[in-house]
Amino acid sequence: MSQGARLRKALRTDAARGLSLVSPPLIYALLLLAAPLGTIFLFSFWTQDFLTIDRSFTLDNYREALTDPLYSELLFRSLRIAGAVTIVTVLLAFPIAYFVSFYVRPDRKSLWLFLITIPFWTSYLIRVFLWRVILAFDGPVNGSLVGLGLIDEPLSWILYNANAVVITLAHAFAPFAILPIFVSLEKIDRSLLEAARDLGESRVMTFLRVTLPLAMPGVLAAILIVFIPTIGDYVTPRLVGGSDGTMIANMIQVQFMRLNNAPLGATLAVIAMVSVTFIALALIFVTRRWTRSR
């Protein structure tokens, strides 16, 4: 057998082996991700009369979703709340990840990461209910502030509004933001920081010009990990948001489960996904441009 024939045989063997390894997760992703998304996309072009689905192609759902001020307001409110949750979560997560990476002894880092993941041990629903108790009119937050004399009457703006949604979701997604930032900080070569200090840079400038740019992949991952699922959360707004904290996901749930209008609910879901996709791509583009300029 010639050398070229042996090479072709080896390539075919490697390709077959690679295909056999990739096929199961690919089929899994197609069945559990692509197929549901494709179904939602198709539903958005149909109409429904109670339990009867009319599969005639129409753009009426998109026309209604884009012209009705209620849906626009819910979508923009969802983006605002998700943005606030992302900012609060990442700003609080970065110092924790930085402390664990730079100031905790190597043999203690696993313990700290273990403690950070403890909230995952309890049900997400239980944590939401606990925050509703904590932020309640007669809850421990208001009780402590009144007892200390810091306020004369309980605060009414920390529950059943957008503020409560931001607080609850920021706590729920904190570990998702801490871990990727920690991984990026761990990959930074400490000799680069020492070189910057030797060249006369202050600690603040070393952080801004060396540490932060090198940690941006983890920060970007944390932003996307927090921002994307926050848009689709409807449990937290339902339990602690009240009328001022209702988000687009709540309207989608109502369309599917209460109003028997799955096509309109699918349309709202598609619009929300497209909006999130554009924002995520813009964040990736801006972050890459900024890191390259540094």
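All values derive from a computational prediction rather than experimental measurement. (Residues numbered from 1 in each chain as written. Predicted model: local features only at pLDDT ≥ 70, side-chain atom pairs only at ≥ 80, totals over all residues. Heavy atoms only, no water.)

Chemist: If you had to explain the overall build of the protein to someone new, which residues and values would you point to?
Modeler: Across its full length, the protein carries 13 helices and two strands. Since a compact globule built from 294 residues should have a radius of gyration of about 19 Å, the 25 Å found for the protein marks it as more spread out than a globular shape. Burial statistics for the protein: of 294 residues in total, 36% are counted as buried. Long-range contacts, defined here as pairs at least 24 residues apart, represent 68% of the contacts in the protein between residues at least 6 apart. When the 25 positive and 18 negative side-chain charges of the protein are each reduced to one mean point, those points stand 14 Å apart. (Helix = DSSP H or I, 4+ residues; strand = E, 2+ residues; numbered from the N terminus. Rg over C-alpha atoms; globule rule 2.2 N^0.38 Å. Buried < 20%, exposed > 50% of the residue type's maximum accessible area, 1.4 Å probe, protein only. Contact = heavy atoms within 4.5 Å. Lys, Arg positive; Asp, Glu negative; His and termini not counted. Charge placed at Lys NZ, Arg CZ, Asp CG, Glu CD.)

Chemist: Tell me about the pattern of salt bridges, and please be specific about residues and values.
Modeler: Following the criterion strictly, the structure yields seven salt bridges and no others. Residue R77 is joined to E73 by a salt bridge in which the shortest nitrogen-to-oxygen separation is 3.9 Å. Highlighted residues: R77 and E73, both in helix α3 (residues 69-103), separated by four residues, approximately one helical turn. Relative accessible area serves as the criterion here: at 15%, R77 is assigned to the buried category. A single network of salt bridges, built from pairs that share partners, joins E73, R77 and R80. (Salt bridge = Lys/Arg side-chain N within 4 Å of Asp/Glu carboxyl O.)

Chemist: Tell me what's going on with the side chain of N161, and back it up with residues and numbers.
Modeler: Tracing the sequence through the fold places N161 in the loop between α6 (140-147) and α7 (162-172). For N161, a relative accessible area of 10% gives the class buried. For N161, the side chain forms a polar contact with the main-chain nitrogen of N163, separated by 3.1 Å. Separated by 3.2 Å, the side chain of N161 and the backbone nitrogen of A164 make a polar contact. Setting aside anything within four residues of it in sequence, one finds N161 in contact with S156, V240, G241, G242, D244 and G245. (Polar contact = N/O pair within 3.5 Å; in protein donor to acceptor, adjacent residues only side chain to side chain.)

Chemist: Tell me what's going on with a nonpolar patch on the surface, and back it up with residues and numbers.
Modeler: Among the surface-exposed residues, F99, Y103, L111, W112, F114, L115, I118, F120, W121, F176 and I225 lie close enough to one another that they form a single nonpolar patch of about 1,100 Å² accessible area. Elements with a contribution of two residues or more to the nonpolar patch: α3 and α4 (106-116). For the nonpolar patch, the leading source of residues is α4, giving four residues. Turning to its location among the elements, F99 is positioned in helix α3. (Patch = residues over 30% accessible without salt bridge, like charges linked within 9 Å, V, L, I, M, F, W, Y side chains within 5 Å. Areas by Shrake-Rupley, 256 points an atom, 1.4 Å probe, with all protein chains shown as cover.)

Chemist: Kindly report on unusual backbone geometry, identifying the contributing residues and their values.
Modeler: Unlike most non-glycine residues, Y160 shows phi in positive territory, near 60°. One can find Y160 in the loop between α6 and α7. Despite not being glycine, N260 has its phi angle at roughly 50°, a positive value. When you line up the elements, N260 lands in the loop between α12 (248-257) and α13 (262-293). Take N260: its relative accessible area is 25%, and that puts it in the partly exposed class.

Chemist: Explain the packing of α3 against α7 to me, using residue names and the numbers behind them.
Modeler: Two elements in contact, α3 and α7, have axes separated by 9 Å at closest approach and are oriented at 45°. In terms of orientation, α3 lies oblique with respect to α7. With respect to the hand of their crossing, α3 and α7 are arranged in right-handed fashion. Note on element contacts: α7 touches α3 through A162, V165, V166, L169 and A170, opposite I81, A84, V85, V88 and T89. (Axes fitted to C-alpha atoms, helices over the stretch in contact; angles between N-to-C directions. Parallel < 35°, antiparallel > 145°, perpendicular 65-115°, else oblique. Left-handed = near helix turned anticlockwise from the far one by under 90°.)

Chemist: Break down the packing of α3 against α4 for me, citing the residues and quoting the values.
Modeler: Look at α3 against α4: their axes get within 9 Å of each other, and the N-to-C directions meet at 160°. Viewed along their axes, α3 and α4 adopt a mutual orientation that is roughly antiparallel. Note on packing geometry: the crossing formed by α3 with α4 is right-handed. Taking contact as the criterion, the partners of I96, F99, V100 and S101 in α3 are, on α4, K109, W112 and I116. Here the residues of the contact of α3 with α4 are counted per class, giving five nonpolar, one polar and one charged. (Nonpolar A, V, L, I, M, F, W, Y, C, P; charged D, E, K, R; others polar.)

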